[in-house]
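# Structure assessment
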Amino acid sequence: MFRRGMAARLACAAACLIAGLAVAPSHAQTLTMRSALSRALAASPRLTAAERDVGIATGQRIQAGALLNPELSYEQDDSFGSGKYRGTRSAETTLQISQAFELFGKRDARIAAGAAGIEVAAIQHKAVRLEVLSETAIAFLGVLGAQRRIQILDEQIAAIDRLTPLLRRRVEAGASSPAETGRAEVASALVKADRERFKATLASARRELAVLMGDPAAKFGEVSGRLDTMGKPPTFQSVVAAIDANPQLVRWTAVFAQRNAELLLARLKPYPDVRIAAGWRHFNETNDDAVRLSLSVPIPVFDQNQGNILSAQESLAKTKAEREANRNTLIVIAGRAYDSVQGSLRELAVLRETAIPKAVEASEAISQGYGQGRFTLLEVLDAQASVTQARLREQEALQNFHAGVATIEGLVGNPFTLARESAR
């Protein structure tokens, strides 16, 4: 279910987590998930660096296929001596060109290693792209969640403030102590203090998202989206199976091919290459000319490249262990995210089925009873605080759910298929 596409679909999947994001709101500065992902991909220096790695590998591949350059040499013998060899009368001059020929497939091995290097860099570029998308989605969700938590606290402050006229009437009627006015003010101030703390969290989340989009400071207004669309995740076994398609793991296949080619090249290096030379020799003394031919082959007596062969063998053997270690790391990360998703779903079930409805029901009943003198202000404030805390927990669980989904999507490289619930 995860193998229908790679990074191209992650942007759409992350956007689908936030309902109603296909059309941006009319406010020019409102940021949607889709826009944030697009801007992050366009501005990410990590993605630019990964693209340069592809270019570097391409240059190395081109260089690997280059033929050895020929050599042009000039020789002059039997000159500037004594007797008949004085000056250049008896000189023998030779103009020669030579070319070394690589044998036993050395050039092919270099080309294979270079081609594998390009594939490694290209796959790593895909992995970085998925990471950027996942990190940006999580940062966006952090901003969205902080916005909603501040709204919940604003609603609680407004609810406390609505008690003020009733409280004053009760004090004037002698039904309540004047101290209750101060108690309400303290409760409102404490909630405002919590709101300031969440505002600081929001500012940090906005800055993080802005940096991911290439801006040193947030230049957007609010972010737009919903967190209350969810669904049932697939089994963890299917997530683990899909991780094998992650570019970070696919990359090791290309790394293995590259290191295998490097081992072959190390083994071929001791085999001698042939250098053939052809020249034209002129004898000044007789004014005669002759062709000069030469053939040279190095003898691999002392250096048989054993050290480099051993190093290449160990590097090749290391590849499997590195892939398994990488896979284990991804499974651990996926497991944490999956457990967070499952835990968030269970937490939301408790909050939505019991905690929030009961808290709202109790708060409404106590608020009505307070006007009739059946409950104290402390009980009203406590009931309102319970509703607020339950709703804050709900928003935190929703954010954790979608952050876990975004993390897993970044690991499997495809949308995290969910059985969508009906819109709430």
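Preceding this paragraph is the structure being described.
In short, a report on the structure. If you're wondering where the values come from, they're calculated on a predicted model, not measured in any experiment.

## What to know about the pairing of strand E3 (residues 92–101)
Across seven bridges, strand E2 (residues 71–77) lies against E3 in antiparallel orientation. Note on E3: the bridge partner recorded for Asp 77 is Glu 92. When E3 meets strand E6 (residues 274–283), the two strands line up antiparallel, connected through ten bridges. For Gln 96, the partnering residue across the bridge sits in E6 and is Gly 279.

## Here we look at the sheet that holds strand E7 (residues 288–296)
Picture the strands of a sheet paired through backbone hydrogen bonds; they go either parallel or antiparallel. In space, the four strands of this open sheet follow the order E2-E3-E6-E7, with antiparallel pairing throughout. What marks the edges here is a single partner per strand, and that holds for E2 and E7. When strand polarity is set aside, the average angle formed by the axes of neighbouring strands in this sheet is 20°.

## Some words on the packing of helix H6 (residues 236–243) against helix H9 (residues 377–412)
At a minimum axis separation of 8 Å, H6 and H9 run at an interaxial angle of 40°. The orientation of H6 with respect to H9, classified from their angle, is oblique. Where H6 abuts H9, its residues Val 239, Ala 242 and Ile 243 lie against Ile 408, Leu 411 and Val 412. For the contact of H6 with H9, the per-class residue count stands at six nonpolar, no polar and no charged.

## Remarks on the side chain of Ser 98
Among the secondary structure elements, Ser 98 is positioned in strand E3. Under the relative-accessibility criterion, Ser 98 is labelled buried at 8%. A polar atom in the side chain of Ser 98 sits 3.4 Å from the side chain of Arg 275. The residues touching Ser 98, leaving out its near neighbours within four places in the chain, are Pro 70, Glu 71, Arg 275, Ile 276 and Ala 277.

## With respect to the pairing of E7
As paired elements, E6 and E7 share nine bridges and run antiparallel to each other. Looking at the pairing, Ala 278 lines up with Leu 293 of E7. Taken together, E6 and the strand that follows it, E7, pair antiparallel across an intervening segment of four residues, in which Asn 287 is found at a positive phi of about 60°.

## Structural notes on the pattern of salt bridges
A side chain with one charge can pair with a side chain of the opposite charge if their charged atoms come near. Inspection of the entire model under this criterion finds 19 salt bridges. Note that Arg 148 and Glu 155 form a salt bridge whose closest N and O atoms lie 3.6 Å from each other.

## Examining the packing of aromatic side chains
Within the structure shown, the criterion is met by two aromatic pairs. On the basis of an interplanar angle of 45° and a centroid distance of 5.0 Å, the ring pair of Phe 104 and Tyr 271 is categorised as tilted. Note that Phe 104 is positioned in the loop between E3 and helix H4 (106–172) and Tyr 271 in the loop between helix H7 (247–268) and E6, a separation of 167 residues in sequence. With a centroid separation of 5.3 Å and 55° between ring planes, the pair formed by Phe 236 and Tyr 338 is classed as tilted. With a gap of 102 residues between them, Phe 236 in helix H6 and Tyr 338 in helix H8 (residues 306–371) connect regions that are remote in the sequence. The exposure class of Phe 236 is partly exposed, given its relative accessible area of 24%. The ring of Phe 198 has Arg 197 lying over it, and the distance from NZ or CZ to the ring centre is 5.1 Å. Note that Arg 251 overlies the ring of Trp 252, its terminal NZ or CZ placed 4.5 Å from the centroid.

Calculation criteria
Residues numbered from 1 in each chain as written. Predicted model: local features only at pLDDT ≥ 70, side-chain atom pairs only at ≥ 80, totals over all residues. Heavy atoms only, no water. Pairing = 2+ DSSP bridges. Helix = DSSP H or I, 4+ residues; strand = E, 2+ residues; numbered from the N terminus. Axes fitted to C-alpha atoms, helices over the stretch in contact; angles between N-to-C directions. Parallel < 35°, antiparallel > 145°, perpendicular 65-115°, else oblique. Contact = heavy atoms within 4.5 Å. Nonpolar A, V, L, I, M, F, W, Y, C, P; charged D, E, K, R; others polar. Buried < 20%, exposed > 50% of the residue type's maximum accessible area, 1.4 Å probe, protein only. Polar contact = N/O pair within 3.5 Å; in protein donor to acceptor, adjacent residues only side chain to side chain. Salt bridge = Lys/Arg side-chain N within 4 Å of Asp/Glu carboxyl O. Phe/Tyr/Trp six-rings, centres within 6.5 Å; stacked < 30°, edge-to-face > 60°. Lys NZ or Arg CZ within 6 Å of the ring centre and 35° of its normal.

Geometric values such as these leave the question of function open.
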